[in-house]
Amino acid sequence: EAGVTQSPTHLIKTRGQQATLRCSPISGHTSVYWYQQALGLGLQFLLWYDEGEERNRGNFPPRFSGRQFPNYSSELNVNALELEDSALYLCASSLGGNRYNEQFFGPGTRLTVL
Amino acid sequence: AQSVTQLGSHVSVSEGALVLLRCNYSSSVPPYLFWYVQYPNQGLQLLLKYTSAATLVKGINGFEAEFKKSETSFHLTKPSAHMSDAAEYFCAVSTNTGGFKTIFGAGTRLFVKA
């Protein structure tokens, strides 16, 4: 069974540009979560999608947005990039229904903003 | 507000010694608690989870954790460290207060000396 996949592995952008990160959940999982892992800050919750709807978002500005497609894959968009957006962005998926189900993580996308 | 505190950003043990990684949480409702491990350049992998059943939870790779409500703690232990245990460990709490989210601690990097 394939795990959670993320693309691209690395992404280099300049300040002010937009970044798009993609995530494919494990087959059968309907929930997708996005986290930002900045150096020394642990994981910060960004967004939660389930059945195509945004269910909750963390304490991030509106320039962080995303969506979930009918096949449950997801995109994270970051507009007007700032230097401090440089981080590892992790996607996780879980079965729907019980929201406390285990989250399975992808390997992440390393975003570097110059 | 819910929070997770991991005491010690770095822990170093000798191979064969006891591993103890500390985690304290704050939650106004019974929490769901997790320990995840992250190996270099990989996503997070679930070690174990507490879901209000047994207070002593056994996980993979010989790890276990004990939920102590009176101390609001969920410390991770392993009787005998192995070189392959060197990684970063994250404690997390899932709650439904203010919308469902999983909050991660800042992480503890475990070093294992030969």
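Residues numbered from 1 in each chain as written. Chains lettered and ligands numbered in written order. Predicted model: local features only at pLDDT ≥ 70, side-chain atom pairs only at ≥ 80, totals over all residues. Heavy atoms only, no water.

## Thoughts on the sheet that holds strand 8 (residues 74-78) of chain A
All names here are of chain A.
Point 1. In space, the four strands of this open sheet follow the order 1-3-8-7, with antiparallel pairing throughout. On the outer flanks of this sheet lie strand 1 (5-7) and strand 7 (64-68), each paired with one strand and no other. In this sheet, adjacent strand axes meet at a mean angle of 20 degrees when their direction is disregarded.
Point 2. Taken together, the three bridges between strand 1 and strand 3 (residues 19-24) define a ladder with antiparallel strand orientation. Paired with S7 across the strands is R22, a residue of strand 3. (Pairing = 2+ DSSP bridges. Helix = DSSP H or I, 4+ residues; strand = E, 2+ residues; numbered from the N terminus. Axes fitted to C-alpha atoms, helices over the stretch in contact; angles between N-to-C directions.)

## A closer look at the layout of surface pockets
Point 1. Size it by volume and the largest pocket reaches roughly 590 Å³.
Point 2. At the level of secondary structure, the elements contributing two or more residues to the lining of the largest pocket comprise strand 9 (87-94) and strand 11 (109-113) of chain A together with strand 9 (87-95) of chain B.
Point 3. Its residues assigned to classes, the lining of the largest pocket comprises nine nonpolar, 15 polar and three charged.
Point 4. By volume, the second largest pocket is sized at about 330 Å³.
Point 5. Lining the second largest pocket are 15 residues, with A:L43, A:Q44, A:F45, A:N59 and B:I103 positioned closest to its centre.
Point 6. Among the secondary structure elements, those contributing two or more residues to the lining of the second largest pocket are strand 5 (43-50) of chain A together with strand 1 (3-7) and strand 10 (101-104) of chain B.
Point 7. When residues in the lining of the second largest pocket are grouped by element, the largest group, four residues, is from strand 10 of chain B.
Point 8. Across the lining of the second largest pocket, the residue classes tally to seven nonpolar, seven polar and one charged. (1 Å grid on protein atoms, 1.4 Å probe; cavity = no way out; pocket = protein on both sides within 12 Å on 5 of 7 lines; lining within 4 Å. Points joined across faces, edges and corners; volume = space filled by probe spheres on them. Nonpolar A, V, L, I, M, F, W, Y, C, P; charged D, E, K, R; others polar.)

## Looking at the side chain of A:E75
Point 1. Inspection of the secondary structure assignment puts A:E75 in strand 8.
Point 2. Beyond its immediate stretch of four places on either side in the chain, A:E75 contacts A:T20, A:L21, A:R22, A:W34, A:S65, A:G66, A:R67 and A:F69. (Contact = heavy atoms within 4.5 Å.)

## Description of the interface of chain A and chain B
Point 1. Opposite the 17 residues of chain A that make contact, chain B presents 21 residues.
Point 2. Between chain A and chain B, roughly 1,600 Å² of surface is buried when both sides are summed, and carbon and sulfur atoms account for 58% of that area.
Point 3. Among the residues of chain A in contact with chain B, A:L43, A:Y100 and A:F105 are the three that bury the most area, contributing 36% of the side total.
Point 4. At the junction of chain A with chain B, the criterion picks out zero salt bridges.
Point 5. Run the count over chain A and chain B and you get three residue pairs in polar contact (both at pLDDT 80 or more).
Point 6. Going through the elements one at a time, strand 4 (31-37), strand 5 and strand 9 of chain A are the ones with two or more residues in the side of chain A that touches chain B. (Buried area = accessible area lost by both parts, 1.4 Å probe. Salt bridge = Lys/Arg side-chain N within 4 Å of Asp/Glu carboxyl O. Polar contact = N/O pair within 3.5 Å; in protein donor to acceptor, adjacent residues only side chain to side chain.)

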